[in-house]
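# Analysis of the macromolecular model
What follows is each chain in one-letter form.
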Amino acid sequence: MTLNSKTPEGPLGSKWEDYKSKCRLVNPANKRHLEVIVVGTGLAGASAAASLGEMGYKVKAFCFQDSPRRAHSIAAQGGINAAKNYQNDGDSTYRLFYDTIKGGDYRAREGNVHRLAEVSANIIDQCVAQGVPFAREYGGLLSNRSFGGVQVQRTFYAAGQTGQQLLIGAYQALERQVALGNVKEYTRHEMLEVVKIDGKARGIIARNLVTGELERHFGHAVLLCTGGYGNVFYLSTNAMGSNVTAAWKAHKNGAYFGNPCYTQIHPTCIPVSGDHQSKLTLMSESLRNDGRIWVPKKQNDSRKANDIPEEERDYYLERRYPAFGNLVPRDVASRAAKERCDAGYGVGASKQAVYLDYASAIERYGNSEANKLGLDNAGADKIKELGKEVVKAKYGNLFEMYEKITGENPYEVPMRIYPAVHYTMGGLWVDYELMTTVPGLYALGEANFSDHGANRLGASALMQGLADGYFVIPYTLGNYLADEIRTKSIVTDHEAFVQAENEVRGRIEKLMSIKGKQSVESFHKRLGKIMWNKCGMARNAEGLKEAVQEIQALRKEFWEDVFIPGDAMEFNPELDKAGRVADFLELGELMCLDALNRNESCGGHFREEYQTEEGEALRQDDQYMYVAAWEYKGDSSFELHKEDLNYDVVKPTQRSYK
């Protein structure tokens, strides 16, 4: 079946304006009688709940953390894109649109991406009005920096904690609506089922994670804003609690899952230090802005970084991609690092790392500061001291974090970095209105299959989450709810709610009754190794087929031998974790099937059988110019539906950053 994206007709540049002018509205008196459920309170969820509450809807917002401020959006470091052209360096709405389409390796929907580029500038204005402390130039104007895959400076930032500052802005807007009574907040609640009545999403079953009680909640519409599923790999840059459960329950209840194999590997992560580790720490991509990435020219070189002279260093990104250098997109930078390490040029004890060096940036900034101060004969030590101060002002908290974790001072010695699982471009398939294949069920932010195609350019996750919540869903949801004004609130003792709750209770009882010998964590770790080794930075048909069988066997073992201590009717984090890992064990199989089905390389999906002579991704546009949307048909059974991608404005070409 070919899916209809519902993208409006007409010229690309006017689609969104035309849609907003013609979509149906709900009058203020009717909004007061319409209930909306928002699951997840990160950037997409908090901004959506705040916006809808302010518009007059009755909103219920759910998060499994103890506060919306703990959503994983706080971990985003580097910045948020917007086409404001403050640098006067040639940026425009079209260029942001084009860079996003190209960066996604021509596997994104043109209409959505252009809309994202259009509203990007509004996001910055909104956040400044909320008091978000963006970095500013000396004269007071907002500052911009470079990010991967782009030749202009369009990334707005707040030191290395942009996500945290943006989330606090959205959180304040949300809490204002809570105080006014327009939004009711449910912390420590996890959604475990979507409730459908007559084919439409009409509510959720949530578990109170403190008491263990199951609760029924009605809504005229349900918005899933629950982030990505990178933790299927166990080791990732995601928060330990990040999971796929809400999206996966929706998938098993009729929502198609789009492009599950598209996983982004981030090139600048602190390398794995051993089997004891349960999480990886990211170093912001903004560090590639000023840092230079290199490895020794000699294989298995065991000298310290500072003992290797300049002429014996291989700045391989600058060598291979002169036009973009260290600012190539994440997928390209990650594969290049893997290639160097696999070839024997890796550094550090594990030899699974490359250097990110700030020495030349410190010297460059130091010379500039010395000139400003009129220090014509400044010595090397003074220049270094001045340069460090500039770097500290821009990236200080990141350097501090690196030193705390590794015990090394990155002002004095190069950082060691290696790629790690970061963002998932796959997610629930949605149309132009952000609605899934289940009427009344929406997915926003990273939870949907995204506007990023097969690869995400840096600083665009924050952009998409806030665009969806602040500027898209207020229009598209109204278009749907205009037909629901005569629908009265449905009582939660309706048989659909009773049945859904019984299914959830049955799953929990089944988990608790296993009483096996192996911990939840051990299963998660084993799944992660299968996924990383066979569906990670590089995949091939043989490995993916093996992975499917191994995951099926692991899932069987999990349901026979997992051990969950405690009781279901109490605070029980191991039970919470078990449910999430059970869903990962199903999702992992679909990811491998999707990767096996896509006989091409594109963006974050790199099939070893499909690469150019120079080792770049080789797309097969004649066969795979579509979004893969999978329908759940039962255990290990999925049916593929396609949404054809039509490029009216951009002409797909082989991506080149040389």
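Residues numbered from 1 in each chain as written. Predicted model: local features only at pLDDT ≥ 70, side-chain atom pairs only at ≥ 80, totals over all residues. Heavy atoms only, no water.

As a further point, take the overall build of the protein chain. Within the protein chain one finds 18 helices and 21 strands. Since a compact globule built from 658 residues should have a radius of gyration of about 26 Å, the 24 Å found for the protein chain is in line with a globular shape. A principal-axis box enclosing the C-alpha atoms of the protein chain has dimensions of 80 × 55 × 50 Å. Residue burial in the protein chain is summarised as follows: out of 658 residues, 60% are buried. By sequence separation, contacts in the protein chain at least 24 residues apart represent 74% of the contacts at least 6 residues apart. When the accessible surface of the protein chain is split by element, carbon and sulfur atoms take 47% of a total near 25,100 Å². (Helix = DSSP H or I, 4+ residues; strand = E, 2+ residues; numbered from the N terminus. Rg over C-alpha atoms; globule rule 2.2 N^0.38 Å. Buried < 20%, exposed > 50% of the residue type's maximum accessible area, 1.4 Å probe, protein only. Contact = heavy atoms within 4.5 Å. Areas by Shrake-Rupley, 256 points an atom, 1.4 Å probe, with all protein chains shown as cover.)

Time to look at the sheet that holds strand 12 (residues 292–296). Judged by pairing direction, the sheet is antiparallel, and its five strands sit side by side in the order 11-15-14-12-13 without closing on themselves. Of all strands in the sheet, those bounded by a partner on one side alone are strand 11 (263–269) and strand 13 (313–314). Along the sheet face, helix 10 (residues 330–345) touches strand 11, strand 12, strand 13, strand 14 (354–357) and strand 15 (415–424) and points at about 65° away from the line of strand 11. (Pairing = 2+ DSSP bridges. Axes fitted to C-alpha atoms, helices over the stretch in contact; angles between N-to-C directions.)

Bringing helix 4 (residues 93–103) into the picture now. For helix 4, the set of buried residues is Leu96, Phe97, Asp99, Thr100, Ile101, Lys102 and Gly103. Contact partners of the buried residues in helix 4: strand 3 (80–81), helix 5 (110–130) and helix 13 (461–481). Phi turns positive one or two residues past the end of helix 4, at Asp105, with a value near 55°.

Further remarks concern the environment of Glu403. With respect to the element layout, Glu403 can be found in helix 12 (residues 380–406). Classification of Glu403 as partly exposed rests on a relative accessible area of 36%. Considered as a pair, Glu403 and Glu639 are 236 residues apart in the sequence and their alpha carbons are 48 Å apart. Those residues in contact with Glu403 that sit more than four places away from it in its chain are Glu408, Asn409 and Pro410.

Among the structural elements, Leu477 can be located in helix 13. In this structure the C-alpha to C-alpha distance between Leu477 and Arg24, which are 453 residues apart in sequence, comes to 9.5 Å. Non-local contacts of Leu477, meaning those with residues more than four positions away in its chain, are made with Val36, Leu52, Ala221, Leu223 and Tyr442.

Moving on: the nonpolar core. With 188 residues, the main nonpolar core has Ile80, Leu223 and Tyr442 as its most contacted residues. Counting contributing residues, this core receives three or more from each of domain 1 (266–421) and domain 2 (504–617). Leave out the neighbours within four places in its chain, and Leu223 touches Val36, Ile37, Val38, Val39, Ala48, Leu52, Tyr442, Leu444, Ile473 and Leu477. In this structure, Trp294, Ala305, Ile308 and Ala353 belong to the second largest nonpolar core, which totals seven residues. (Core = buried A, V, L, I, M, F, W, Y, C linked by side-chain atoms within 4.5 Å. Domains from an automatic or database assignment.)

With that settled, the discussion passes to the state of the cysteines. The tally for this structure, following the rule as stated, stands at zero disulfides. Cys23 forms no disulfide, and the closest cysteine sulfur to it belongs to Cys225, at a distance of 19 Å. The class for Cys23 is buried, based on a relative accessible area of 9%. A disulfide-free cysteine, Cys127 has its sulfur positioned 16 Å from the sulfur of Cys225, the nearest such atom. (Disulfide = S-S within 2.5 Å.)

As a further point, take the domain arrangement of the protein chain. Taken domain by domain, the protein chain comprises domain 1 (266–421) and domain 2 (504–617). Measuring from the centre of the C-alpha atoms in domain 1 to the corresponding centre in domain 2 gives 33 Å. Each side of the interface is counted separately: domain 1 has 12 residues, and domain 2 has 12 residues. Summed over both sides, the interface of domain 1 with domain 2 buries roughly 870 Å², with 54% coming from carbon and sulfur. It is Asp275, Arg335 and Lys338 that lose the most area in domain 1 upon contact with domain 2, and together they represent 50% of the buried surface on that side. (Buried area = accessible area lost by both parts, 1.4 Å probe.)

Moving on: the sheet that holds strand 8 (residues 214–218). Taking strand neighbours across the sheet as the criterion, the three strands line up as 6-7-8 in an open arrangement whose pairing is antiparallel. Every other strand in the sheet has two partners, leaving strand 6 (189–197) and strand 8 as the edge strands with one partner each. Across the sheet, the mean angle from the axis of one strand to that of its neighbour is 25°, orientation sign disregarded. Bridge count for strand 7 (residues 200–208) against strand 8 is five bridges, and the pairing is antiparallel. Bridge pairing in strand 8 places Arg207 opposite Leu214.

Before going further, it helps to spend a moment on unusual backbone geometry. Within the chain, Asn88 stands out as a residue other than glycine whose phi angle is a positive 55°. Within the fold, Asn88 resides in the loop between strand 3 and helix 4. One non-glycine residue, Tyr106, lies in positive phi territory at about 60°. Within the secondary structure, Tyr106 is located in the loop between helix 4 and helix 5.

Within strand 20 (residues 626–634), eight of the nine residues are buried, leaving the element largely enclosed by the surrounding structure. Of the strand pairs in this sheet, strand 10 (residues 257–258) and strand 20 are connected by two bridges, and their pairing is antiparallel. Residue pairing in the sheet places Phe257 in a bridge with Trp630 of strand 20. Where strand 20 folds back on strand 21 (residues 637–644), the antiparallel hairpin that results is connected by two residues, among which Ser636 adopts a positive phi of roughly 55°.

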